[in-house]
Amino acid sequence: MKYLSVCSGIEAATVAWKPLGWKCEGVCDFAPFPQKVLTHHYPKTKLFTDITKLNEHETYKKIKFDLLVGG
């Protein structure tokens, strides 16, 4: 299962779902502190900073995911 996490915070979804083999295709959070946490723990995962502008990102348009999860 592939998912995109919005309002990610510290990304609890990945902590819970990684052991199940689920893959996080991207995270999104507007606040600076969670962005730093996400970048530190998930440096290879695409970070988006504004949920209202996701459709403007070419990278977002190319991401394939099965589930959109919001925290």
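One structure accompanies this document, and this report is about it. (Residues numbered from 1 in each chain as written. Predicted model: local features only at pLDDT ≥ 70, side-chain atom pairs only at ≥ 80, totals over all residues. Heavy atoms only, no water.)

**Details of the pattern of salt bridges**
- Throughout the structure, instances matching the rule amount to 2 salt bridges.
- Across the pair Glu25 and Lys23 runs a salt bridge whose closest N-O atoms are separated by 3.5 Å.
- Residue classification places Glu25 among the buried residues on the basis of a relative accessible area of 19%.
- Assessed through its relative accessible area of 45%, Lys23 is described here as partly exposed.
- Close ionic contact of Lys61 with Glu58 constitutes a salt bridge, the shortest N to O distance being 3.4 Å. Highlighted residues: Lys61 and Glu58, both in helix α3 (residues 58-62), separated by 3 residues, approximately one helical turn. (Salt bridge = Lys/Arg side-chain N within 4 Å of Asp/Glu carboxyl O. Buried < 20%, exposed > 50% of the residue type's maximum accessible area, 1.4 Å probe, protein only. Helix = DSSP H or I, 4+ residues; strand = E, 2+ residues; numbered from the N terminus.)

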